[in-house]
Amino acid sequence: MPTEATPPTLRTLIEGGICTIVADNPARLNAYTRDMWEALPRLIREAEADPAVRVIVLRGAGTKAFSAGADISEFEGNRTGAEARRYDEINHEAFEAVGRAKKPTIAMVHGYCFGGGCELAICCDMRWVAEDAIFSIPAAKLSIGYNPRWIRPMLAVMSAAKAKEMLFTGRRYSAAEALAMGVANAVVPAAELEAATRKVAEEMAINAPLSIRAAKESIDELFAHPENPDLARLDHFVEACFESEDYAEGRRAFMEKRKPQFRGR
Ligand code: COA
């Protein structure tokens, strides 16, 4: 547990193709300080550039909270007046970095998942959730104007009516409600969350990275621009799969009745 001597931070652990980014601020339920928001895009870029990383998992330290959102204790100094806009930009860069990550992202959610923490989880490709998780975006309870750029990721996982309910009321949603809303991909007992998240991350980590990338780019582009998707750009990702060494390895491994060893090229 960090003390005053170990300030709030983001920690990265890489194991078995899975890069886990841990929000570590337990004294404030893993709330993100401005420094943590600022560090996140760099950590995502590092994970994207590391060929050993196949999947990125975001979580909070311990099991009480994924994150209680932005660290409100800092707001007086850096989220008022002219600083408020800059704070939003830094916050937005963190959400964008996660939302546009080139590798699959999973939010592993224990306990509180509030405000910016909830948005961060929603920016991930999927959410594995403990039964004790509680989701809320209480912006309207603090008179925070919710950036319109942050509403698109919400609409990718829940209906417009549910997004309105969530933002208008600022109410809390249980894990079961999150599952029904489409926010949670799966809900498991808290004691099983790590193992369940690792299992799904490993399922993806052994698959062909270029194939996953093509699917991810297509789904995100088709959602962002349903009327006018850049299909030529998406075709390029699909062609990269057919031209890859991994495609040859996939065919060979199938014929030889063994597991393929993919390298992402
Ligand atoms: N920023 C800074 N500190 C926070 C925090 C946040 N977002 N969320 C919780 N904390 C701190 C509390 O101030 C408290 O500190 P203290 O022990 O020094 O008093 C500690 O974390 C534990 O929180 P507490 O409120 O006592 O826990 P709880 O279980 O009763 O309630 C919450 C948990 C998440 C419901 C409640 O802390 C809360 O509403 N937090 C704010 C969430 C929020 O509005 N986030 C959006 C920010 S834009």
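Residues numbered from 1 in each chain as written. Predicted model: local features only at pLDDT ≥ 70, side-chain atom pairs only at ≥ 80, totals over all residues. Heavy atoms only, no water.

## Some points on the overall build of the protein chain
When you go through the protein chain residue by residue, the secondary structure sums to twelve helices and ten strands. Viewed in the frame of its principal axes, the protein chain has a C-alpha envelope of about 60 × 45 × 35 Å. Each of the 265 residues in the protein chain was classed as buried or not, and the buried ones make up 46%. A separation of at least 24 residues holds for 66% of the contacts in the protein chain among residues at least 6 apart in sequence. Element-wise, carbon and sulfur atoms account for 55% of the exposed surface of the protein chain, whose accessible area totals about 13,900 Å². Separation between the mean location of the 34 positive side-chain charges and that of the 38 negative ones in the protein chain comes to 2 Å. (Helix = DSSP H or I, 4+ residues; strand = E, 2+ residues; numbered from the N terminus. Buried < 20%, exposed > 50% of the residue type's maximum accessible area, 1.4 Å probe, protein only. Contact = heavy atoms within 4.5 Å. Areas by Shrake-Rupley, 256 points an atom, 1.4 Å probe, with all protein chains shown as cover. Lys, Arg positive; Asp, Glu negative; His and termini not counted. Charge placed at Lys NZ, Arg CZ, Asp CG, Glu CD.)

## Points about the environment of Ser73
Residue placement: Ser73 occurs in the loop between strand E4 (65–67) and helix H2 (75–78). Accessibility expressed as a relative area gives 48% for Ser73, which makes it partly exposed. Each C-alpha atom of the pair Ser73 and Cys241 lies 48 Å from the other, and the pair is 168 residues apart in sequence. A polar contact is formed between the side chain of Ser73 and the side chain of Asp71, at a distance of 2.5 Å. (Polar contact = N/O pair within 3.5 Å; in protein donor to acceptor, adjacent residues only side chain to side chain.)

## Quick look at the packing of aromatic side chains
The final tally for this structure, using the stated rule, is seven aromatic pairs. Relative to Trp150, the ring of Phe95 has its centre 4.9 Å away and its plane inclined at 85°; by these criteria the two rings are edge-to-face. Of the two residues, Phe95 is situated in helix H3 (residues 81–99) and Trp150 in the loop between helix H5 (139–142) and helix H6 (151–157); the sequence distance between them amounts to 55 residues. Here the two residues Phe95 and Trp150 agree in accessibility, since each one is buried. Ring plane angle 85° and centroid distance 5.4 Å describe the contact between Tyr146 and Trp150, whose orientation is recorded as edge-to-face. Note on accessibility: Tyr146 and Trp150 belong to one class, buried. (Phe/Tyr/Trp six-rings, centres within 6.5 Å; stacked < 30°, edge-to-face > 60°.)

## Things to note about the sheet that holds strand E3 (residues 55–60)
Spatially, six strands are ordered E1-E2-E3-E5-E7-E10 in an open sheet, and the strand pairing comes out mixed. Here the strands that pair on one side only, and so sit at the sheet edges, are strand E1 (9–15) and strand E10 (186–188). Direction aside, the axes of adjacent strands within the sheet are offset by 20° on average. When strand E2 (residues 18–24) meets E3, the two strands line up parallel, connected through six bridges. Directly across from Thr20, in E3, lies its bridge partner Val57. (Pairing = 2+ DSSP bridges. Axes fitted to C-alpha atoms, helices over the stretch in contact; angles between N-to-C directions.)

## Regarding a nonpolar patch on the surface
A contiguous nonpolar patch, built from Val238, Phe242 and Tyr247 and spanning about 290 Å² of accessible area, is present on the exposed surface. Of note, Tyr247 is situated in helix H12 (residues 245–255). (Patch = residues over 30% accessible without salt bridge, like charges linked within 9 Å, V, L, I, M, F, W, Y side chains within 5 Å. Salt bridge = Lys/Arg side-chain N within 4 Å of Asp/Glu carboxyl O.)

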